[in-house]
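Chain residues, written in single-letter form:
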Amino acid sequence: MKRWNDIRVIAFDADDTLWDCQSWFDEVERKCCEMLSPWATAREVSEGLFQTERQNLSLTGYGTKAFTLSLIENAVRVSGQQLTGDIVMKLIELGKELLTFPTTPLPEVSETLEQLSLQRRYQLVVFTKGELMDQEGKLQRSGLEQYFSHMETVSNKTEREYRQLCENLGVAPEETLMVGNSFRSDIAPALTAGARAVHIPFHVVWELEKSEEYPHERLQKISHFGELLQIVG
């Protein structure tokens, strides 16, 4: 496995890279499908939710609150505006639960971050998209906050945001390594910006994050978080 010795900053995605997130959203979607079963099949509810999220993205962005709004909007539409107040309240409560679910670190995450932190060779940062308070809360609940000197939460991850991150940290893109599970958000734009990247796929992927993968000279793909130490450790 190729090693990179000129890295100064390692930026980590948060959701589904440091802790499980998508599984909690999938469970809320499943419960929503059960609630709406008098009006539509689970497939119809899920397809409608996906379309609603995609349509709302330019207005609401990413995050739990945006998801909850789309969840309710889709439910009203699917039910033919027959949704009762108690179901609306249940959907709101499900959305609130997504703001407090336990962000238990994924396997090998804590140990790997501890070793990287003890080496003092790299600045470790969190670079994620979504809602600021929500993402900050997840990091605090995870117990991983101690390993990071910096956290940035942005509305989207494009080449511009990656270049801005490097500028904020005072490093060149080629001195930056992005680690994440989403090829679309964590890998492709980082490579375009000139950074290096390590792709750690997660077992579930949000529909809006699915994209075609491709090889690159500045990209490595691993299956276990601890393998990161073979690259930069």
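Our subject is the structure that appears above.
Residues numbered from 1 in each chain as written. Predicted model: local features only at pLDDT ≥ 70, side-chain atom pairs only at ≥ 80, totals over all residues. Heavy atoms only, no water.

1. Topic: the packing of helix 1 (residues 22-35) against helix 2 (residues 42-60)
Contact geometry of helix 1 with helix 2 gives a least axis separation of 9 Å together with a crossing angle of 125 degrees. The angle between helix 1 and helix 2 places the two elements in the oblique class. Of the two elements, helix 1 crosses helix 2, and the hand of that crossing is right-handed. Facing helix 1, whose interface residues are Glu 29, Cys 32 and Cys 33, helix 2 presents Ala 42, Val 45, Ser 46 and Leu 49. Classifying every residue of the contact of helix 1 with helix 2 gives five nonpolar, one polar and one charged. (Axes fitted to C-alpha atoms, helices over the stretch in contact; angles between N-to-C directions. Helix = DSSP H or I, 4+ residues; strand = E, 2+ residues; numbered from the N terminus. Parallel < 35°, antiparallel > 145°, perpendicular 65-115°, else oblique. Left-handed = near helix turned anticlockwise from the far one by under 90°. Contact = heavy atoms within 4.5 Å. Nonpolar A, V, L, I, M, F, W, Y, C, P; charged D, E, K, R; others polar.)

2. Observations concerning the pairing of strand 2 (residues 123-129)
Counting buried residues in strand 2 gives six out of seven residues, a clear majority hidden from the surface. Across four bridges, the pairing between strand 1 (residues 9-12) and strand 2 is parallel. Bridge assignment links Val 9 to a residue of strand 2, and that residue is Gln 123. With five bridges joining them, strand 2 and strand 3 (residues 150-154) adopt parallel strand pairing. Bridging across to strand 3, Val 126 finds its partner in Met 151. Traced from strand 2 through helix 6 (residues 132-142) to strand 3, the parallel crossover comes out right-handed. (Buried < 20%, exposed > 50% of the residue type's maximum accessible area, 1.4 Å probe, protein only. Pairing = 2+ DSSP bridges. Right-handed = clockwise from strand over helix to strand, strands pointing away.)

3. Considering the pattern of salt bridges
Where side chains of opposite charge bring their charged atoms close, a pairing between them can arise. Tallying each qualifying case throughout the model produces 15 salt bridges. A salt bridge links Lys 138 to Asp 15, with the nearest nitrogen and oxygen atoms 3.1 Å apart. In this pair, Lys 138 is assigned in helix 6 and Asp 15 in the loop between strand 1 and helix 1, connecting sequence segments 123 residues apart. We note that Lys 138, like Asp 15, is buried. A salt bridge links Asp 186 to Lys 157; the nearest nitrogen and oxygen atoms lie 2.7 Å apart. With Asp 186 in helix 8 (residues 183-193) and Lys 157 in the loop between strand 3 and helix 7 (159-169), this pair connects stretches of sequence that are 29 residues apart. Judged by relative accessible area, Lys 157 falls into the buried class, the value being 4%. A cluster of three or more residues bridged by salt bridges with shared partners is formed by Asp 13, Lys 157 and Asp 186. (Salt bridge = Lys/Arg side-chain N within 4 Å of Asp/Glu carboxyl O.)

4. Details of the side chain of Glu 152
Inspection of the secondary structure puts Glu 152 in strand 3. Among buried charged residues, Glu 152 stands out as having no salt bridge; its nearest opposite-charge side chain is Lys 157, 10 Å away. Excluding anything up to four places from it in sequence, Glu 152 contacts Val 126, Phe 127, Thr 128, Leu 165 and Asn 168. (Lys, Arg positive; Asp, Glu negative; His and termini not counted.)

5. A word on helix 6
For helix 6, the set of buried residues is Asp 134, Gln 135, Gly 137, Lys 138, Leu 139 and Ser 142. Where the residues of helix 6 are buried, they touch helix 3 (64-78), strand 2 and strand 3. Positive phi shows up at Gly 143, right after helix 6, with a value of about 80 degrees.

6. Observations regarding the packing of aromatic side chains
On inspection of all chains with the given rule, the structure shows seven aromatic pairs. Seen in terms of ring centroids, Phe 12 and Phe 148 are 5.9 Å apart; in terms of plane orientation they differ by 70 degrees. Their pairing is edge-to-face. With Phe 12 in strand 1 and Phe 148 in the loop between helix 6 and strand 3, this pair connects stretches of sequence that are 136 residues apart. On the basis of relative accessible area, Phe 12 is assigned to the buried category, the value being 0%. The exposure class of Phe 148 is buried, given its relative accessible area of 12%. Residues Phe 12 and Phe 225 carry aromatic rings whose centres are separated by 5.9 Å and whose planes lie at 25 degrees to one another, so their mutual orientation is stacked. Of this pair, Phe 12 sits in strand 1 while Phe 225 sits in the loop between strand 6 (219-221) and helix 9 (228-232), placing them 213 residues apart in sequence. Residues Phe 12 and Phe 225 agree in their burial class; the two are buried. Aromatic rings pair up to connect Phe 12, Phe 148 and Phe 225 into one cluster. Lying over the aromatic face of Tyr 62, Lys 129 brings its terminal NZ or CZ to 3.7 Å of the ring centre. Between Arg 141 and the ring centre of Phe 101, over which it is positioned, the NZ or CZ distance is 5.8 Å. (Phe/Tyr/Trp six-rings, centres within 6.5 Å; stacked < 30°, edge-to-face > 60°. Lys NZ or Arg CZ within 6 Å of the ring centre and 35° of its normal.)

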